Amino acid sequence: MTTHDSTPVAGSASDAAADTAFASASADDRRAVTGKRRIAFAVYVADVGRLPGLQALLRSLALTNPALCEDVVVLHPGLPDAAFDAAHRLHPRLIPRTAAGRHDVFRLDDYDTVIALTPALVVLGRIDDLLRLRTGVAAVPRPGPDGVPDDGLLVIQRQDLDHPAPPAAAPDVRESLLVPLDSRYDFRALRLGDDLAVPDGVIFLNFAGTPTICTGPAHEARARHDLDDEAFRAAYLALPGAKHPDLLLHLALPFPDGSRPPIDLVRQLAEIHRGRGHHDLAVALLGEAVAGRPDLPRCHETLGVCLMALSRYEEAETHLLLATASPDFAPRAYGQLARLAWLLGRTEDARGYALAGLESDPTDVNCRAWYARTSAMAAAGATAPDTSPGEQLAHVALFAEGDENAGDKVLPEAVRSCFTADTGPGRWHQQHAHLLVDEDGLERLNARRAVIVGGGGLFLPDTAPNGNSGWQWNIPDDVLARITAPLAVFAVGYNVFDGQRYRRERFAASLQALVERSAFFGLRNHGSVARVRELLPASLGEKVRYQPCPTTVARHLDARLAEPAVREDTVLINCAYDRAGLRFGHDYGHFLAEMAAAIRAVSGAAEVRYAAHMPADERFVDDLRREHGLTLPVEPLYLLSNDAIRDLYRRTRLVIGMRGHAGMIPFGCGTPVISLVSHPKLAYFLADIDRPDWGVSVHERALGARLAERALAVLADHPAAVADVHDRQRTLWSVTRENLALLRELTGLPDPFGEPGPGAGPVVPAPRSATDEDRAAPSLRTAPPTP
């Protein structure tokens, strides 16, 4: 898959077409931004006689590692496309490319780690340890001048190779780069003859040089993978445990003619479609499976949730009610019914569903949360503000409650602070983005002085998906077109994860309608600006402006956030675990070990504590204690007020954060930050403030050393680090002030910050070397540690 600024192995036009087709059907790819490691298998097939071996290799890989599915690049000297039809049926990510020889496995520049295999290999065990290798060229040592086998397994880390060798030769691999592997990773079948059993623990069995016709335990192990397609599919589907979604979909669908697939398999496939935002495909599968079958509560629950995601609310409610007939699934189904009723503005119905769920299971956390939320809404609705609607601003955003994300609690208040000193219900009409905007909702929005949408990462397809817009604001296009109040999109982010699949068609159409209707359209980083412009006609692209997240200028919004007289001698760490597979890939164990090393190094200079933005974040503390024997005190930010959250971040010396707002909120309070980059938005923010070196990828090989070095540099000259943060803020505040001047023309409201002084214009910070103070302060831009 050629999706990076790199030079792939030379190939034919058909190779390029295949790569392009695969890329277009693949996931959102921002690995160049996040540093996410790109892994591929590579197999050289010299002639058509090796294709049965390739197919046996693919079957063995799937049957022994069913939860693994990486690209398989098949290098070949120019075989016809049709030669790979059988292999394509076995693997969904097969990429044929022409090559000069097997040595071209060293030239797959669009990958970081290449596991080079041969058609003579079969896989007999798990290969997790190979995926965790991060250095050099690993192989089972062989006699010879270089020790690198030309007919066995290699694990190549591309960044460690020297300059490319001439096209007709394999690159020299320095002895210092060789990483020896145990013989079980490339065990020669020739060693066994016709009668010796395959030793326990062998991972790869290599049949290079063995007779074509032979008997014995080794050949029986290979013969187990000489299956026809139907037998292979059945064997894979019968495996216990986790399976990779790509492989499972590829091998299960389409169902064989005339067969009725197991209902659990149908539901499992529907859940995969649901997780990828393909709710229509999930509904098609489940709708047929549950027709006339009210006795399938789990399937009805999944079907109801998918119908809800398509905004087919009446059908969704019917299926969720069917799911409540089972005591085992009733609490979950009632929780979904409560959410559905809330989306439609039926607060009392939502409360009733939540109460019914609690009667089924008094310990159900979801139903309890919905009961608390709807009870609070009922109480709030009893006391209407004195302000007339025409004097209010409408605010469309996510409004976190309870134990939800601390950043989403702070953010709406920060947005409102940009417009008015009073951020309460007297001045603002609150419209949760996930609530359906129906005719009554439209009337309430149009009655306000203006409608402000933002901030936050609202351009995300899988948080409360809906079929009306394809992003988080649940508004149909025809309703959006009838908003007559001035509409401003303010500091919204494009929050799609690296590797995340989503359907762009509905989102792109809704986005275009939103930009056309908006009088102001500001996104919170230049990365989001670029991504959204890609989805718009050129005529609308210029309407998309840069508006920093208001949390990043909090010191300018709230005088109480001035630099504290004394800071606590602490460093706060935050990690995030939503969509952990997209964040960490195969590198979570590496990340955890490197973080343990960094924490030990930093602990000598300050007390390291953990800042949890939501309960799920505390997994890091649990894993760190279990795997590395380190215990961190936890600050549960999700239980704190907005003022307490800002105060905690204002008084610490450094924040090392993975969540976007674990960087932006402390930065806005004047605290130095280092970002653990697992999502493009963190790198986008650092690029906006011209400090990309304040971020370290969670995939960085030397993560622990780099993080400790940068953290200790901040702590060693903290005043300089704080001054640098203040300097960076001046640019963001200047942009914000300019944009707010435009927005005041829409709202007709006075400037809550007073008029800028005479001649004030955009503030462009001087280089840090321009003043004596800057020359005396060490830069945060530290050199990388020496390997």
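Residues numbered from 1 in each chain as written. Predicted model: local features only at pLDDT ≥ 70, side-chain atom pairs only at ≥ 80, totals over all residues. Heavy atoms only, no water.

### Things to note about the sheet that holds strand β3 (residues 94-98)
One open sheet holds the seven strands; their spatial order is β3-β2-β1-β4-β7-β6-β8, and the pairing between them is mixed. What marks the edges here is a single partner per strand, and that holds for β3 and β8 (178-180). In this sheet, neighbouring strand axes are inclined to one another by 25° on average, regardless of whether the strands run parallel or antiparallel. Across five bridges, strand β1 (residues 39-44) lies against strand β4 (residues 113-117) in parallel orientation. When the bridges of β4 are listed, I39 appears paired with T113. The strands touched by helix α3 (residues 51-64) are β1, β2 (71-76), β3 and β4; relative to β1, the strand with the most contacts, the crossing angle is about 150°. (Pairing = 2+ DSSP bridges. Helix = DSSP H or I, 4+ residues; strand = E, 2+ residues; numbered from the N terminus. Axes fitted to C-alpha atoms, helices over the stretch in contact; angles between N-to-C directions. Contact = heavy atoms within 4.5 Å.)

### Regarding the packing of aromatic side chains
Counted under the stated rule, the structure contains 19 aromatic pairs. When the ring of Y334 is compared with that of Y353, the centres are 6.4 Å apart and the planes differ by 35°; the resulting orientation is tilted. Of this pair, Y334 sits in helix α13 (residues 330-343) while Y353 is found in helix α14 (residues 347-360), placing the two residues 19 residues apart along the sequence. For Y334, a relative accessible area of 18% translates into the label buried. Each residue in the set F459, W471, W473, Y494, F507 and F521 is aromatic and connected to the rest through ring pairs, giving one cluster. Sitting above the plane of the F207 ring, R222 keeps its charged end 5.1 Å from the centroid. For the cation-ring pair, R373 lies above W342, with the distance from its terminal atom to the ring centre recorded as 4.8 Å. (Phe/Tyr/Trp six-rings, centres within 6.5 Å; stacked < 30°, edge-to-face > 60°. Buried < 20%, exposed > 50% of the residue type's maximum accessible area, 1.4 Å probe, protein only. Lys NZ or Arg CZ within 6 Å of the ring centre and 35° of its normal.)

### Some remarks on the confidence of the model for the protein chain
On average, residues of the protein chain score 88 in pLDDT, and 88% of them are at 70 or above. The low-confidence segment residues 1-26 (pLDDT under 50) makes 49 contacts with residues lying over four places distant or belonging to another chain. Low pLDDT, under 50, characterises residues 757-787; the stretch is placed with 44 contacts to residues that sit more than four places away or in other chains. (pLDDT = per-residue confidence, 0-100.)

### Comments concerning helix α11 (residues 297-309)
In a regular helix each residue adds 1.5 Å, so 13 residues correspond to 18 Å; α11 covers 18 Å between its end C-alpha atoms and thus fits that length. Buried residues dominate α11, accounting for 12 of its 13 residues. Those residues of α11 that fall on the buried side of the exposure criterion are P297, C299, H300, E301, T302, L303, G304, V305, C306, L307, M308 and A309. Directly after α11, the chain includes S311, whose backbone phi takes a positive value near 65°. (Expected span 1.5 Å × (residues − 1).)

### Brief notes about the pairing of strand β12 (residues 428-432)
The buried fraction of β12 amounts to four of the five residues, a majority that puts the element mostly inside the structure. Sheet topology note: the strand β11 (residues 393-397)/β12 ladder contains five bridges and is parallel. Counted as the bridge partner of H395 is Q430 from β12. Handedness of the crossover joining β11 and β12 through helix α16 (residues 406-417): right-handed. (Right-handed = clockwise from strand over helix to strand, strands pointing away.)

### Focus on the sheet that holds strand β9 (residues 187-188)
Read from one edge to the other, the open sheet built from three strands follows the order β5-β10-β9, with strand pairing classed as mixed. The open sheet has two free edges, formed respectively by β5 (121-123) and β9, since each of these has just one partner strand. Direction of pairing for β9 relative to strand β10 (residues 204-206): parallel, over a ladder of two bridges. Bridged to R188 within β10 is N206.

### Quick word on the packing of α3 against helix α7 (residues 229-237)
Two quantities define a packed helix pair, namely the angle between the helix axes and the distance between the axes. Their axes nearest at 9 Å, the elements α3 and α7 cross at an angle of 20°. On the basis of the axis angle, α3 is roughly parallel to α7. Considering how the two elements wind past one another, α3 and α7 form a crossing that is left-handed. In this structure, α3 uses R59, A62 and L63 to contact α7, whose residues at the interface are F232, A235 and Y236. Among the residues making up the contact of α3 with α7, the classes are represented as five nonpolar, no polar and one charged. (Parallel < 35°, antiparallel > 145°, perpendicular 65-115°, else oblique. Left-handed = near helix turned anticlockwise from the far one by under 90°. Nonpolar A, V, L, I, M, F, W, Y, C, P; charged D, E, K, R; others polar.)

### Regarding the nonpolar core
Within the largest apolar cluster, 79 residues are counted, with the highest numbers of intra-cluster contacts made by L117, I127 and F204. In terms of residue count, the dominant contributor to this core is α13 (eight residues). Aside from chain neighbours lying at most four places away, what touches F204 is L117, L121, V122, V123, I127, L130, L153, R184, Y185, D186 and F187. Listed in part, the 44 residues of the second largest apolar core include V410, L561, V673 and L740. (Core = buried A, V, L, I, M, F, W, Y, C linked by side-chain atoms within 4.5 Å.)

### Re the pattern of salt bridges
Tallied over the entire structure, the rule returns 58 salt bridges. Residues R89 and D229 are paired through a salt bridge, measuring 2.5 Å at the closest nitrogen-oxygen approach. With R89 in helix α4 (residues 85-90) and D229 in helix α7, the pair connects residues that are 140 residues apart, well separated along the chain. Judged by relative accessible area, which is 27%, D229 ranks as partly exposed. For the salt bridge of E568 with R651, the shortest nitrogen-to-oxygen distance reads 2.3 Å. In this pair, E568 sits in the loop between α22 (554-557) and β18 (570-574) while R651 sits in helix α26 (residues 642-651), placing the two residues 83 residues apart along the sequence. Put simply, E413, D558, R560, D643 and R646 are held in one network by salt bridges that share partners. (Salt bridge = Lys/Arg side-chain N within 4 Å of Asp/Glu carboxyl O.)

### A closer look at α7
Within α7, the full set of buried residues consists of F232, R233 and Y236. Seen end-on, α7 carries its buried residues on one side only, within an arc spanning 100°. Elements in contact with the buried residues of α7: α3, α4 and α8 (245-252). Where α7 begins, the capping side chain belongs to D228, and its oxygen is found 3.3 Å from the backbone nitrogen of E230. (Arc of directions from axis to C-beta. Polar contact = N/O pair within 3.5 Å; in protein donor to acceptor, adjacent residues only side chain to side chain.)

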